[in-house]
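The chain contents come next:
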Amino acid sequence: IVLKIEDFRKIEDLPEDFDYDILLKLLIIGGSGPGKSSILKRFVDNNFPLSIIATIGIDFKKNFLELIGKIIKLQIWDTAGQERFRTVTTAYYKGAMGFMIVYDITDRYSFDNIPAFLRDVDRWGSPNAPKILIGNKCDLEKEREVSKEEAQKFADKIGIPFIETSAKQNINIDESFFLLTKVILEIPNFYNN
Ligand code: GDP
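Right, let's walk through the structure included here. The shown structure was predicted, so the numbers you read here are calculated from the model rather than taken from an experiment.

Take the overall build of the protein next. For the protein, the helix and strand inventory stands at six helices and seven strands. Put simply, the protein runs from its N terminus to its C terminus through helices and strands in the order β-β-α-β-β-α-β-α-α-β-α-β-α. If you line up the protein on its principal axes, its C-alpha atoms span 40 × 35 × 35 Å. By the burial criterion, 37% of the 193 residues in the protein qualify as buried. Considering only residue pairs separated by 6 or more positions, the protein has 73% of its internal contacts joining residues 24 or more positions apart.

So, on to the packing of helix 1 (residues 36-45) against helix 6 (residues 173-185). Put simply, helix 1 and helix 6 touch, their axes get as near as 9 Å, and they point 95° apart. It follows from the interaxial angle that helix 1 and helix 6 lie roughly perpendicular. Contact residues: I39, R42 and F43 in helix 1; I173, D174 and F177 in helix 6. Here the residues of the contact of helix 1 with helix 6 sort into four nonpolar, no polar and two charged.

Let's shift gears to the sheet that holds strand 1 (residues 8-11). Taken together, the seven strands give an open sheet; going across it, the order is 1-3-4-2-5-6-7, and neighbouring strands pair in mixed fashion. Whereas interior strands pair on both sides, the edge strands pair on one side only; in this sheet they are strand 1 and strand 7 (162-164). Mean inter-strand twist for the sheet, computed between neighbouring axes without regard to direction, equals 30°. Note that strand 2 (residues 22-30) and strand 4 (residues 70-79) share seven bridges and pair parallel. Across the sheet, I28 pairs through a bridge with D78, a residue of strand 4.

Near the ligand, the surroundings consist of 18 residues, among which G35, K36, S37, S38 and K168 are the closest. By residue number, the principal contributor to the shell around the ligand is helix 1, which donates three residues. The residue makeup of the shell around the ligand, split by class, is four nonpolar, 10 polar and four charged.

Our next topic: the nonpolar core. The nonpolar side chains of a soluble globular protein tend to be buried with one another. Ranked by size, the top nonpolar core spans 39 residues in total, and within it L26, L27, I28, M100 and I101 carry the most contacts. I101 has contacts with I29, G30, I114, F117, K131, L133 and I134, leaving out every residue within four places of it along the chain.

Turning next to the environment of I134. Considering the arrangement of structural elements, one finds I134 in strand 6 (residues 131-136). For I134 and Y93, which are 41 residues apart along the polypeptide, the C-alpha to C-alpha distance reads 18 Å.

Conventions adopted
- Residues numbered from 1 in each chain as written.
- Predicted model: local features only at pLDDT ≥ 70, side-chain atom pairs only at ≥ 80, totals over all residues.
- Helix = DSSP H or I, 4+ residues; strand = E, 2+ residues; numbered from the N terminus.
- Buried ≥ 20, exposed ≤ 12 C-beta atoms within 10 Å, placed from the backbone.
- Contact = placed C-beta atoms within 7 Å.
- Axes fitted to C-alpha atoms, helices over the stretch in contact; angles between N-to-C directions.
- Parallel < 35°, antiparallel > 145°, perpendicular 65-115°, else oblique.
- Nonpolar A, V, L, I, M, F, W, Y, C, P; charged D, E, K, R; others polar.
- Pairing = 2+ DSSP bridges.
- Near = placed C-beta within 6 Å.
- Core = buried A, V, L, I, M, F, W, Y, C linked by C-beta atoms within 7 Å.

In structure tokens, the structure reads:
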């Protein structure tokens, strides 16, 4: 099947134990500081905190989507980017059905590190796991260090979707979760089961 981003809708305020149709476990990875926690907070709580407590090891939140009458529950795990937590978070790679790999468009180093995270997914998750590449902080155009074209070219080369976001200005945040959900549901036979 081929789904469209416009087919998805975020549902607010469903009780935690709502009887969903599909459960998807997602993992957000990337270095330290590209905005992983902010993206998750924006998506789930619809706000951008002025200060955020750094994730220690791993944290999780959930949210619901609707897709043509089906209710999809997303269970989203946010990892700490710091190297010292790497062994803590590897266990979560196995259970994840999709990965958001986040870099900061104003931080060249965070982009150059993406291949290391791709290797982590291959090693601790599964080699064909659905993934999307996210360039966050697109509101900081003046400080940009990674062009959209370069990132798109890289994403095309490895064959994964790419999207630029801003957790701060709420640009493409819902869309990026819709996109990853779409990639997972488009796996042959996934949706029919
Ligand atoms: P994490 O370590 O990847 O979870 O990153 P955080 O979510 O803790 O964010 C790191 C810093 O970047 C914080 O100071 C955030 O306020 C800031 N930040 C996150 N997202 C954005 C964004 O879209 N735009 C801007 N300008 N700052 C952001």
